[in-house]
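Report on the structure
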Amino acid sequence: MRRPNLVKTSLLAAALAGSAAVVGCALASERAPQSAAADPHSLRAPKKAAARDAGEARANAEVAQTAPGDGPQERSFLPPSSPPMPASIAPPPSASVALRGPSAVGDQRKAEPPRRGAVGDVLTDVDRVTEGGTFVHAGTNPFVLTAVDHLSTFAADVDTGSFTFARRFLRQGQQPPPAAVRVEEWVNALGYTYDAPTNAGSVPFVVHAAGAPSPLSPGKHVVRVALKGREVSRHERAPTSLVFLVDVSGSMSEPDKLPLAQEALHLLVNQLREDDAVGLATYAGATRLVLPLTTARSKSQIHAAIDALQSGGGTDMGSGMEMAYREATKGLGGGRSARVIVLSDGDANIGNVGYDDILRSVKGYVSEGVMLSTVGLGTGNYNDHLMEQLADAGNGNYSYIDSLKTAEKTFVQNLEGTLETIAQDVKIQVEWNKDVVSSYRLLGYENRDVVDEDFRNDKKDAGEIGAGHAVTALYEVELAQAAPRGDLGVVRVRAKAPRGTRADELVAPIPAAALRARADDLDDDGRAAVAVALAAEILRGSPYASGHDLADAAALLESAARGRFAEERRELAAELRRVAPVLARR
C-alpha cells in the first residue's frame, strides 16, 4: 500500500432520544401518476410569482389577526428529532398534488438576497459574492402558514462541500463568507447513528421522523425527517470505472490544490478492487488523456500517472469534461458503473465557463448513466457555485477537501457512498396537517426547492443518494394544538433505481406520538444536529438566529460529544468557540 506524503497544507438536525424506530421502510408497489409537464432545466425552478404573491398577501392578512409579533425577529431555533416511534406505511396517494403558493409569517424575503442557483439561472454581479471565492446567495426559507400552503417539496442533498470549505475558516479563527454556508450541508456533514434498512433487497433507504420542543425557541417544536441509505460493503458494490478529471491550470499550483489532489487520489486508488478501472484526464489551456481506462490491478501505473501531473496554463473545463465523459462511457456495461470525478478550484476561464454550458455539452453522456462527483480545493479564486451545481446536474455529489484528513474521510471512510448510487432523483414532500401544525419553516434546502406539482413528474432531476448516505431535513413548526392529536403530517419520498426512468413512492406518517414531551429528551445525535444547524444559521446571518451566538452552539455540541462521533464534535465545538469572539466584536 502506498503511504501518502504529508501536504502543507443547520439550526438543528437530527434524532430524538429513545430507541431508534422506523417510520417507513418500504417502497409502495403501485406507481403514482406522473405529471405531464417537463422542465427544460434540471431541477430547482423558483415558485411561480403569482402564487407566491397571493400566498404572502393572504398570510400577512391572517398573521395580522392571529399571530402578532411572530416572525424572524424572534429567537427561532430548530431542534432536531431523534429515533421515532414505529408507524405503519400509508397507501400511496392517488390524488394530484396542488401547486404550492408559499407564504410567510413576518416574511423577510424582500430584504434578503434573491433565491438563485438553479441550472439555467442568469447570475448578476449582485448575486455573486467574491470574499474567499465565488458563491451565490440562496436566501432564507421563511415561515409558511399551513392554511395557505401545506406542502413542502425539495430534492435530497448529500453534499458536504459547504461545511468543509467554511470550516477551514473556523480553524483559522475567521468567519467564513456567509454566502458559502448552506445549512443542509452542515447538518448532513456530521455523523449520526440512524438505523439503516435491514432488508438487503428492494428497500434502498428507511425514513425516520420525530420531533421535540425546541431547546432554543420557547413555543416552537422541531421536527426531523431523515432518510438513511442502505449500506454496501467494499466487496458488495458493483465494479466501477472512474475517470479522474484533474484541473492542472496555473491556479492549481498552491500546496492545498494540485499537490493535495494528488495525495487524495493516491488514497482513493489504494481502496479500489482489482476489477475496478481508472482513467486520468487533465485540463488547462488544453486537455489531455493522461491514462486511458486501466485496470486497478496496475495500481503502480496509476500512481505513477498521478505523480507526473504538473500545473500551468489556462482553464478549459468544458473540453476536459467532454474528454472525461467519453472515456468514462467506455467503462459502462456488464453491471459496471461509471463516474467522472472532477478535482478543481472551479476557476474556469477558457471555453465554456458556465456550469449550464458545460453540462449541456455532456448531457448525452449523463443520460447514458455516467455519474459525476466534484471535489473542490483551495480558496481565493474558489468557485463554490460552479462545483456544487455541476455535481447536482451531473447526478452526483459535491465535496471539498482541505487536508489529508478530509481526503481520507471522503475517499476512504465514505468511499462506497461516493461510488455506489442506490437511488436517483430522490424528492421529498412533507404534507403538513392543517389541524395540527399552524406554520412551519424548512431549515436550508433553499436551492433544492422543487415546485409541488413536479413532485410526481419523473422527468424532473433531483438528488442522488449513495450507499450508507443519510439525508436530514429539519423543520421548525408551531402547533395549532397544545396537545396534538392525529398525525402531524405525511412524508412522501419518490426515487428511481439507478439508471431507472420511473420512480416508486414511499409514504410514511409523522404521528403525534413521535413528538417528545421535553426538549431535554434530545439524545446526543439530536443535540449535535441542533448545534451545527444553529452554527450555520448564525454564520450565514439568518434573521432566525438572532439572540444566539456560536458559544451557544459550541455548548450544545460539547454536551453531545460522546460515543462514536465524540472526537469530531469536540473538534468542531472548539473551532466554534475560537470564532465566537470574532463575531461578537462585529
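See the structure printed just above.
Residues numbered from 1 in each chain as written. Predicted model: local features only at pLDDT ≥ 70, side-chain atom pairs only at ≥ 80, totals over all residues. Heavy atoms only, no water.

Another aspect to go through is the packing of aromatic side chains. Per the counting criterion, the structure on display carries 12 aromatic pairs. Seen in terms of ring centroids, Tyr-440 and Tyr-475 are 6.2 Å apart; in terms of plane orientation they differ by 70°. Their pairing is edge-to-face. Remark: Tyr-475 occurs in strand 16 (residues 470-479) and Tyr-440 occurs in strand 14 (residues 437-442); sequence separation between them is 35 residues. Residue Tyr-440 is classed as buried on the basis of its relative accessible area of 1%. On the basis of relative accessible area, Tyr-475 is assigned to the buried category, the value being 0%. Positioned over the ring face of Tyr-544 is Arg-441, at 3.7 Å from the centre of the ring. (Phe/Tyr/Trp six-rings, centres within 6.5 Å; stacked < 30°, edge-to-face > 60°. Helix = DSSP H or I, 4+ residues; strand = E, 2+ residues; numbered from the N terminus. Buried < 20%, exposed > 50% of the residue type's maximum accessible area, 1.4 Å probe, protein only. Lys NZ or Arg CZ within 6 Å of the ring centre and 35° of its normal.)

On to the pairing of strand 13 (residues 421-432), then. For strand 13, the buried fraction is high: 11 of the 12 residues fall into the buried class. In terms of strand pairing, strand 4 (residues 151-155) meets strand 13 through 5 bridges, oriented antiparallel. In the strand pairing of strand 13, Ser-152 is matched with Val-430. In this sheet, strand 15 (residues 463-466) lies alongside strand 13 in antiparallel orientation, the contact comprising 3 bridges. Residue Thr-421 lies in a different strand from strand 15, and its bridge partner there is Gly-466. Summarising the sheet, strand 13 and strand 17 (residues 487-496) pair through 7 bridges and their orientation is antiparallel. Paired with Glu-431 across the two strands is Val-490, which belongs to strand 17. (Pairing = 2+ DSSP bridges.)

For the rest of this paragraph, the subject is the environment of Asp-435. As for its placement among the helices and strands, Asp-435 is situated in the loop between strand 13 and strand 14. Residues Asp-435 and Gly-486, 51 residues apart in the sequence, show an inter-C-alpha distance of 9.0 Å. Not counting the four nearest positions on each side in its chain, Asp-435 is found in contact with Ala-480 and Gln-481. (Contact = heavy atoms within 4.5 Å.)

Moving on to the packing of helix 12 (residues 524-539) against helix 14 (residues 566-584). Two elements in contact, helix 12 and helix 14, have axes separated by 12 Å at closest approach and are oriented at 30°. It follows that helix 12 is roughly parallel to helix 14 by the angle criterion. The two elements helix 12 and helix 14 cross, and the hand of that crossing is left-handed. Residues Asp-524, Asp-525, Ala-528, Val-532, Ala-535, Ile-538 and Leu-539 of helix 12 lie in contact with helix 14, whose contacting residues are Arg-569, Leu-572, Leu-576 and Leu-583. Across the contact of helix 12 with helix 14, the residue classes tally to 8 nonpolar, no polar and 3 charged. (Axes fitted to C-alpha atoms, helices over the stretch in contact; angles between N-to-C directions. Parallel < 35°, antiparallel > 145°, perpendicular 65-115°, else oblique. Left-handed = near helix turned anticlockwise from the far one by under 90°. Nonpolar A, V, L, I, M, F, W, Y, C, P; charged D, E, K, R; others polar.)

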